[in-house]
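The residues making up each chain are set out below.
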Amino acid sequence: MDRHPGPGARDPRAPTLELAIDGMTCASCVARVERALQAVPGVSAAAVNLATERATVRGAADAALLLAAVDRAGYDARVLDAAAPRDDDADSARHEAARAALRRDLLLAAALALPVFVLEMGAHLVPAMHHWVEHGLGLQRSWLIQFALATAVLLGPGRRFYAAGIPALLRLAPDMNSLVAVGTFAAWGYSVVATFAPRLLPAGTANVYYEAAAVIVVLVLLGRWLEARAKGRTSEAIQRLVGLQPKTARVSRDGRSVEIPIGEVVPGDLVELRPGERVPVDGEVVEGRSFVDESMVTGEPVPVEKTEGASVVGGTVNQQGALVLRATAVGADTVLAQIIRLVEQAQGSKLPIQALVDRVTLWFVPAVMLAALLTFVAWMLFGPAPALGLALVNAVAVLIIACPCAMGLATPTSIMVGTGRGAELGVLFRKGEALQLLKDAAVVAVDKTGTLTEGRPALTDLALAEGFARDEVLRLVAAVEARSEHPIARAIVAAAEDAGIAVPEPDGFQSVTGMGVQAVVDGHRVEVGADRYMRALGLDVAGFADVAARLGGEGKSPLYAAVDGHLAAIIAVADPVKPDTPAAIAALHALGLKVAMVTGDNARTAQAIADRLGIDEVVAEVLPEGKVDAMRRLKAAHGRLAFVGDGINDAPALAEADVGLAIGTGTDVAMEAADVVLMSGSLQGVPNAIALSKATIGNIRQNLFWAFAYNTALVPVAAGVLYPAYGLLLSPILAAGAMSLSSVFVLGNALRLRGFRPPMAA
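Residues numbered from 1 in each chain as written. Predicted model: local features only at pLDDT ≥ 70, side-chain atom pairs only at ≥ 80, totals over all residues. Heavy atoms only, no water.

Chemist: So what exactly am I meant to see when it comes to the overall build of the protein chain here?
Modeler: Of regular secondary structure, the protein chain possesses 28 helices and 26 strands. Within the protein chain, the fraction of its 762 residues that count as buried is 54%. Long-range pairs, those at least 24 residues apart, make up 69% of the contacts in the protein chain with a sequence separation of at least 6. When the accessible surface of the protein chain is totalled, it reaches about 32,700 Å², and 59% of it is carbon and sulfur. (Helix = DSSP H or I, 4+ residues; strand = E, 2+ residues; numbered from the N terminus. Buried < 20%, exposed > 50% of the residue type's maximum accessible area, 1.4 Å probe, protein only. Contact = heavy atoms within 4.5 Å. Areas by Shrake-Rupley, 256 points an atom, 1.4 Å probe, with all protein chains shown as cover.)

This is the structure in C-alpha cells:
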C-alpha cells in the first residue's frame, strides 16, 4: 500500500488547528461536526474524536469561521493553543465537574423515579399492591402523583436531553438526545392525555407510561455517568505523562539557589537536582554523577549513568547522586512535551476502519426515527387491542434502544487506551493510521548500523599468542593506535580506556602505506596491521589460522600485532550486535513475520550478521536511494512492509515503507519521516508495536461488532417482531438499560488494553 497522499488526502504540511468540542454525545454528533467543519472555506480535512472531545482541522480556514460553523451545528467549541503548556489540572477539574453534575442529576432522577416505578409496576406485579393502589390510594390519585414526579424528572435531570435534542431535531439533524427526548416525551405526553383527557383516546387504551419516561431518563443518565468515569480512565496514560513533570525547579539565580515555577525556567539556567527528585526540564549535566531512571520515557527499566556532559530528559527520576544541569529545553520544547503531543495526535486521529462507521452513523439516527414511525403505524394497523398503547410502547422502545453511543465510542476509546499503553512501553505512534496498518505487516525490513548493531565500532576479539598477557598487549597496541584517527584505531583505544589501562605516548610513530602502523612504546617495538604486513616482517600467522577463519565467517577483518619481532595477538574490531537484537528477531519470527536486512555495508559482513541472527533476506551495498528501490521490491515480493531505521539516510526508506519505525536514539530527520518512534533505541520495541497494533485493532473490531450487531439485532425485537410467535415485547425501560449497557461494555472492553502484555517485556 502506497502511503503517499493522493487527491483529497490530508496534507501533513498544512496548518493544523485543534478545537475542543462540547456537547457531543454519539457518533452522529461526530459526523455532523465534521461535515460542518469541512464545509468551511479553506479546510482541507477535519477529524473529530468523540472520546477526546476534540477536532483536528487542517487548512488555512479562519478560526472564527470554524467556531461559527460548529455553533450552527448545535455544539460549543473553543480553540486550543498547541504551543501553550497543557493545563491538565484545568481539564481534570472541568471533567470532574461534568461527572459530578451527572451524578447529582442521576441521584435526583432516581429518587423521583423510584416511587413512580413502584406505584405503576408494583400494581402490575404484586396483587396486594394493586389492591392498595386501586382501593386505598385510588387509580386517579396514583396517576396524578406519577404525573408530578415524572414531570419533575423530565424538567429537572432530563432537561439536558430536550435542550440539546429538540434543536437538533428542528435542524433536521437528530442525534441521541433527540431519540431520548422524542421517546420520553411520547410516553409522557400519551400518559398526560390518559390522565387528564381520557375521552380523547379510543376505548380501552387509557393507560399511563410515566414510569417508562422517568426510568428511561434515569438509565440513560446512569449510562452517561458510567461512560464519563470510563472515559476518564482511557486518558490516564496522558495524565501520568503530564504528572511526570514537577511543578517547580531549583535554579541558581544571582548566586543563590531559588525554587521557581517550572514555567519560569529558561534555557541556560543552572538547575540543581537532589537524590530522588524528578528532572524538571531537559538539560546537560555540568556537575555531579548519578544514575537516572528513564523508564517512563524509554520503557527501559535499568537506570542510566549520568556524568558531566550527559543529557537528561525532563520527567525522569534521579537516583542517589546530586546533579547540576544546564537547561537545554523547557516547556513545549522538552522531550516529554513532544511525547505528550505525539500521543495526543495519535489518540485524536482516525483510522481507515472509522470511515465506514462514520458513513453508517450519519444516517443511523434518521433511520431509527423512521423505523420507530413504521413500528407505530404497523402496530396501529395490525396490532391487537389496545393497539394505540402497544404502538406507542414499541415505537418508544425502538427509539431508545438504537441510540448509537456505542458506535461512536468503539474506535476512539480503543485508540486512546492502546496508544497510551504504547507510550508507557516506549512505543509512540506518531500517526494513528500506523496503528491499523502495522498489524498487517508481512515483512519487517531493518537497517543494520545503529538498528541491529550499536552503530559504533568496538573491540570484539583479542586472541593472544603464548607468552603474552592481554592487558599488556592491549596497552601497547592502543599506544600505537592512539596516533590514528581511523574508527578501528579509536575502538582499540576506547577498549583500553574502558579496561582502566593507562595508554602511554609512543615514539617514532610511522604509518606503512597499505600495511599498517608501527611505533616504539616503553622500549618495545610494536607493529599492527594486516596479515600481509606480518608476512613482510617475516612472521608466520598460521598459528592463528582457525581464529582468522572464524572471524572471516563472522564478517570481521582481522588485524595482527607483533611485539619485539614476535607475533603477539590477532585482533578484530566490528560494530557489535545489540544484546537484545537476537531475541527481537526471534519475537518477530514468532509473530509470523519475515525479517529482511537492508544496509549499505559490504555483502560479506551483512550476510555473516544475518546468518548469526536468523534474518531471512539480505539486501547489501545499497545507497540511500537504493534503499527505496529495495523497499518497493520487498513490498512486491511479500506484501505490506514495515521498515526500521535510525539515520538521515534512512528517511527516504521510512517514508516509502507502509509503516516506518524510527529508533528513538536516532536523528530528528528519521523520526520526522517515521510513523512510529521507538523511544528505547532497542529493536525489541518493534515486536511490541506490532503486537500492540494487533491487540488494539482486534479490540476495535470486538467493539464495532458489539455496537452494530447489538443495535441491529435488538431494533427488530424492540419493534415487536417476536410478539406474533412468542408474545414477547421489549419494555422501553429494558431498552434504555440495554442501550446504556452497550456503551459501558464498549468502554470496559477498550480498558482491557491497559493490561496489554508485550511479547518482549523489558
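Chemist: In this structure, what is going on with the confidence of the model for the protein chain? I would like to understand it.
Modeler: Summary statistics for the protein chain give a mean pLDDT of 83 and a share of 89% for residues scoring 70 or more. Ranking the elements of the protein chain by mean pLDDT puts helix 25 (residues 668–673) last, at 59, and helix 17 (residues 470–481) first, at 93. (pLDDT = per-residue confidence, 0-100.)

Chemist: Would you explain the nonpolar core in this entry?
Modeler: For soluble globular proteins, the rule of thumb is that nonpolar side chains tend to be buried together. Counting 137 residues, the largest nonpolar core has M24, L37, F429, V444 and L661 as the members making the most contacts within it. Excluding its chain neighbours within four sequence positions, the residues that come into contact with L661 are L438, A642, F643, V644, G645, L654, A674, V676, L678 and A689. Grouped together as the second largest cluster of nonpolar side chains are 26 residues, V480, V517, V521 and V526 included. (Core = buried A, V, L, I, M, F, W, Y, C linked by side-chain atoms within 4.5 Å.)

Chemist: Can you help me understand the sheet that holds strand 12 (residues 317–318) in this one?
Modeler: Strand pairing in a sheet relies on backbone hydrogen bonds. The paired strands run either parallel or antiparallel. Overall, antiparallel pairing links the 3 strands, which are arranged 10-9-12 in an open sheet. This sheet does not close on itself; its edge strands, each paired only once, are strand 10 (304–306) and strand 12. Here strand 9 (residues 290–293) pairs with strand 12 via 2 bridges, running antiparallel. The residue bridging D293 from the neighbouring strand is V317, located in strand 12. (Pairing = 2+ DSSP bridges.)

Chemist: Would you mind showing me how to read unusual backbone geometry here?
Modeler: Working note: non-glycine residues mostly have negative phi, and peptide bonds are mostly trans. A cis amide bond links A385 with the next residue in sequence, P386, at an omega value of -5 degrees. The phi angle at D522 is positive, at roughly 50 degrees, despite the residue not being glycine. By the element assignment, D522 lies in the loop between strand 18 (516–521) and strand 19 (524–529). The exposure class of D522 is partly exposed, given its relative accessible area of 47%. Despite not being glycine, E621 has its phi angle at roughly 55 degrees, a positive value.

Chemist: Would you mind going over the sheet that holds strand 2 (residues 43–49) with me for this structure?
Modeler: Spatially, the 4 strands line up as an open sheet ordered 2-3-1-4, and their pairing is antiparallel. Here the strands that pair on one side only, and so sit at the sheet edges, are strand 2 and strand 4 (76–80). On average, each strand axis in the sheet is inclined to that of its neighbour by 25 degrees, with strand direction left out of account. Inspection of the sheet shows strand 2 paired to strand 3 (residues 54–59) by 6 bridges, in the antiparallel sense. Note on strand 3: the bridge partner recorded for A47 is T56. (Axes fitted to C-alpha atoms, helices over the stretch in contact; angles between N-to-C directions.)

Chemist: Hey, could you run me through the pattern of salt bridges in this one?
Modeler: Here the idea is simple: oppositely charged side chains can pair when their charged atoms come close. One pass over the full model with this rule turns up 19 salt bridges. A salt bridge links E472 to R475, with the nearest nitrogen and oxygen atoms 3.2 Å apart. Taken together, the residues E472 and R475, both in helix 17 and 3 residues apart, mark about one turn of the helix. A relative accessible area of 33% means that E472 is categorised as partly exposed. Exposure remark for R475: the relative accessible area of 18% places this residue in the buried category. Through salt bridges with shared partners, a single ionic network connects D629, R632, K635 and E656. (Salt bridge = Lys/Arg side-chain N within 4 Å of Asp/Glu carboxyl O.)

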